[in-house]
Amino acid sequence: MTNQIYPCLWFDGQAEAAANFYCSIFKNSKVTMASPMVVNFELDGKKFMGLNGGPMFKFTPAISIFATFETIEETNEVWDKLFEGGKALMPINKYDWSEQYGWLQDKFGLTWQISVVNPSATPQIKPSMLFVNEKFGKAQEAINLYTSIFEDSAIDLLVPYPETNNVMYAEFNLKKHDFIAMDGPGNHAYTFNEAFSLVVDCQNQEEIDTYWNQLTSDGGQESQCGWLKDKFGVSWQIIPTIIGSLMSNPEKGQKVMQAIMQMKKLDIEKLINA
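Residues numbered from 1 in each chain as written. Predicted model: local features only at pLDDT ≥ 70, side-chain atom pairs only at ≥ 80, totals over all residues. Heavy atoms only, no water.

Caption draft 1: Looking closely at the sheet that holds strand 3 (residues 38–43). With respect to topology, eight strands assemble into an open sheet ordered 2-3-4-1-13-16-15-14, the strand pairing being mixed. The outermost strands of the open sheet, each flanked by one partner alone, are strand 2 (30–34) and strand 14 (221–222). Helix 1 (residues 15–25) rests against strand 1 (5–11), strand 2, strand 3 and strand 4 (46–52) of the sheet, and its axis sits at about 10 degrees to strand 3. Against the sheet, helix 4 (residues 205–216) makes contact with strand 13 (196–202), strand 14, strand 15 (227–229) and strand 16 (235–240), and its axis sits at roughly 165 degrees relative to strand 16, the strand it touches most. (Pairing = 2+ DSSP bridges. Helix = DSSP H or I, 4+ residues; strand = E, 2+ residues; numbered from the N terminus. Contact = heavy atoms within 4.5 Å. Axes fitted to C-alpha atoms, helices over the stretch in contact; angles between N-to-C directions.)

Below you can see the structure in the form of structure tokens.
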């Protein structure tokens, strides 16, 4: 199985504006497709989807984008640009774990963790999950589940809190797509929601069935149109790779969309025959 796994960001009519804003800040970035509903773009070569979904869901700090850079000067430059119209959750500064780090919410509501990279590491852009409140202490379980579901995946680094098994910081990859996970102590007024979901492109119905069944098992929840929530509350979209071409077909795109709206788990054959 060869699958892309990438973030989908839910905006209230501002997907294209946000994509252009982010692409103006990061190197090797571009908008690859724009329609009234969906905007696909790349940040430093990493794929993202922007969705004009309306006002229903708002970003929370439960999942942020963690971006690292080679120099403090570049770290500060990106921080300053993302900070325009936003607010600091943790001011850009030197911390015990980084020579320069900051956490902010940008003008579109998306949260970013910006850091200079450790000398031995490579600059990257990747989603970072924070398990808080009733999900606190679940990061290790979630990492184990995700790396067991997606073959060719691995835990790359795991640092526990002293004297506990909770995760202070962990890096893992799902089919070579990089992620961060942490347990966040304390009380927080947020958790995971649909504003930040993870898209899994599937080559065939067998892949859709496999990932859907495993991610909805043991307390996960089916939603509509290929969306689901896993047992930890993280949202996923399990979709066929051909969905874009089907929806953009001028003769049957509207029928395909209507068929999608009637489904929970997507059925490729029914979409093709719509």
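Next comes the rest of the account.
Caption draft 2: Expanded view of the nonpolar core. Judged by nonpolar contacts, the single largest core of 87 residues is most densely connected at Tyr 22, Phe 26, Leu 82, Trp 112, Tyr 146, Trp 236 and Ile 238. Counting residues per element, this core draws most heavily on helix 1, which supplies seven residues. If we ignore the near neighbours within four places in the chain, the residues touching Leu 82 are Phe 21, Tyr 22, Ile 25, Phe 26, Leu 104, Asp 106, Trp 112 and Ile 114. (Core = buried A, V, L, I, M, F, W, Y, C linked by side-chain atoms within 4.5 Å. Buried < 20%, exposed > 50% of the residue type's maximum accessible area, 1.4 Å probe, protein only.)

Caption draft 3: Quick look at helix 2 (residues 72–83). The first and last C-alpha atoms of helix 2 sit 16 Å apart over twelve residues, in line with the 16 Å expected at 1.5 Å per residue. On its buried face, helix 2 is in contact with helix 1, strand 5 (63–69), strand 6 (87–95), strand 7 (98–105) and strand 8 (111–116). Gly 85 lies just past helix 2 and shows a positive phi near 80 degrees. (Expected span 1.5 Å × (residues − 1).)

Caption draft 4: Expanded view of the environment of Tyr 146. Checked against the element boundaries, Tyr 146 lands in helix 3 (residues 139–149). Tyr 146 gets classed as buried once you look at its relative accessible area, which sits at 0%. Sequence separation of Tyr 146 and Leu 157 is eleven residues, and the distance between their C-alpha atoms is 15 Å. Not counting the four nearest positions on each side in its chain, Tyr 146 is found in contact with Met 129, Phe 172, Leu 174, Leu 215, Asp 230, Phe 232, Val 234 and Trp 236.

Caption draft 5: The arrangement of helix 4 in detail. In this model, helix 4 (twelve residues) spans 16 Å end to end at C-alpha, consistent with the 16 Å of a helix rising 1.5 Å per residue. Looking at the buried residues of helix 4, the elements they touch are helix 3, strand 13, strand 14, strand 15, strand 16 and helix 7 (268–272). Its side-chain oxygen placed 3.2 Å from the backbone nitrogen of Glu 206, Asn 204 serves as the N-cap of helix 4. A positive backbone phi angle near 55 degrees is found at Asp 218, which sits one or two residues after helix 4. (Polar contact = N/O pair within 3.5 Å; in protein donor to acceptor, adjacent residues only side chain to side chain.)

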